[in-house]
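# Architecture and fold: a report
In case you want the letters, here they are:
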Amino acid sequence: MSSQQNLQGGKAFGALKAQQEEVLDSLNQEFLDDPKYSTDEDLPEKLEAFKKKYMEFDLNGEGDIDIMALKRMLEKLGAAKTHLELKKMITEVTGGLGETISYRDFVRMMLGKRSAIFKLILMYEDKAKEKEEKPAGPPAKRAIADLP
């Protein structure tokens, strides 16, 4: 199948996500090669987790999280914000240089010492997922006397 062919539906989306993953992997390699981050423990694992999280929220696959993607993401997490709060978050992450969050900005925020609101929300989401894990398999058998 040639790359010039007009892919439709899931195939096109899968190809877009694969291409996006390649770009993010190359950016991750830049962070791995950067001496500034060489002292960070578990850096490859962190970067892989950041890549998955970023790809989850970069809905249009353009490589940036815009204000609408950020809004949908925070609503999904149950932390809906106003338009001004979202703009403030983006400004805080990008340093006021853009209206979208690039992957580089995202990783710098997550690895940095600064405590951005966005970073705190993402960390809270991860902790909430850890608590929500339910035991696998069928429930234990109970006797009728154990019922309320």
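Coordinates for the structure precede this section.
Treat the numbers as computed from the prediction; the structure is a model and nothing was measured.

In this section: the overall build of the chain. Along its length, the chain carries six helices and two strands. Along its sequence from the N terminus, the chain presents helices and strands in the succession α-α-β-α-α-β-α-α. Surface summary for the chain: the accessible area is close to 10,500 Å², and the carbon and sulfur share equals 55%.

For the rest of this paragraph, the subject is the pattern of salt bridges. Taken as a whole and assessed by the stated rule, the structure comprises six salt bridges. A salt bridge links Glu21 to Lys51, with the shortest nitrogen-to-oxygen separation between them at 3.1 Å. Note that Glu21 is positioned in helix α1 (residues 9-33) and Lys51 in helix α2 (residues 43-57), a separation of 30 residues in sequence. Given the relative accessible area of 2%, Lys51 is considered buried.

The subject of this paragraph is helix α5 (residues 103-111). When you tally the buried positions in α5, you get seven out of nine residues, the bulk of the element. Within the span of α5, buried status applies to Tyr103, Asp105, Phe106, Val107, Met109, Met110 and Leu111.

Time to look at the packing of aromatic side chains. One pass over the structure, following the stated rule, counts three aromatic pairs. Arranged with centres 5.3 Å apart and planes meeting at 55°, the rings of Tyr54 and Phe106 form a pair that is tilted. Linking Tyr54 in helix α2 with Phe106 in helix α5, this pair joins segments that are 52 residues apart in sequence. Note on accessibility: Tyr54 and Phe106 belong to one class, buried. Joined through ring pairs, the aromatic side chains of Phe50, Tyr54, Tyr103 and Phe106 make up one cluster.

Along the chain, Lys46 falls in helix α2. Along the chain, Lys46 and Leu111 lie 65 residues apart, while their C-alpha atoms are 8.7 Å from each other. Dropping the residues within four chain positions of it, Lys46 is found in contact with Asp40, Glu41 and Leu111.

This part takes up the packing of α2 against α5. The geometry of α2 relative to α5 is characterised by a closest axis approach of 11 Å and an angle of 130° between their N-to-C directions. If you check the angle between α2 and α5, you find them oblique. As for how α2 packs across α5, the hand of that crossing is right-handed. Residues Leu43, Lys46, Leu47, Phe50, Lys51, Lys53 and Tyr54 of α2 form the contact with α5, whose own contacting residues are Tyr103, Phe106, Val107, Met110 and Leu111. For the contact of α2 with α5, the residue count by class is nine nonpolar, no polar and three charged.

On to the nonpolar core. Counting 27 residues, the largest nonpolar core has Phe50, Leu70, Tyr103, Phe106 and Leu111 as its most contacted members. Sorting the residues of this core by element identifies α1, α2, α3 (67-76), α4 (83-94) and α5 as the ones contributing at least two each. Excluding residues within four positions of it along the chain, Tyr103 makes contact with Leu24, Leu27, Asn28, Leu47, Phe50, Lys51, Tyr54 and Gly63.

This part takes up the packing of α3 against α4. For the pair α3 and α4, the least separation of the axes is 10 Å and the interaxial angle reads 110°. Classified by the interaxial angle, the pair formed by α3 and α4 is roughly perpendicular. Facing Ile67, Leu70, Lys71 and Leu74 of α3, the residues of α4 in contact are His83, Leu86, Lys87, Met89 and Ile90. Counted by class, the contact of α3 with α4 contains six nonpolar, one polar and two charged residues.

What counts and how
- Residues numbered from 1 in each chain as written.
- Predicted model: local features only at pLDDT ≥ 70, side-chain atom pairs only at ≥ 80, totals over all residues.
- Heavy atoms only, no water.
- Helix = DSSP H or I, 4+ residues; strand = E, 2+ residues; numbered from the N terminus.
- Areas by Shrake-Rupley, 256 points an atom, 1.4 Å probe, with all protein chains shown as cover.
- Salt bridge = Lys/Arg side-chain N within 4 Å of Asp/Glu carboxyl O.
- Buried < 20%, exposed > 50% of the residue type's maximum accessible area, 1.4 Å probe, protein only.
- Phe/Tyr/Trp six-rings, centres within 6.5 Å; stacked < 30°, edge-to-face > 60°.
- Contact = heavy atoms within 4.5 Å.
- Axes fitted to C-alpha atoms, helices over the stretch in contact; angles between N-to-C directions.
- Parallel < 35°, antiparallel > 145°, perpendicular 65-115°, else oblique.
- Left-handed = near helix turned anticlockwise from the far one by under 90°.
- Nonpolar A, V, L, I, M, F, W, Y, C, P; charged D, E, K, R; others polar.
- Core = buried A, V, L, I, M, F, W, Y, C linked by side-chain atoms within 4.5 Å.

So yeah, pure geometry; function would need other evidence.
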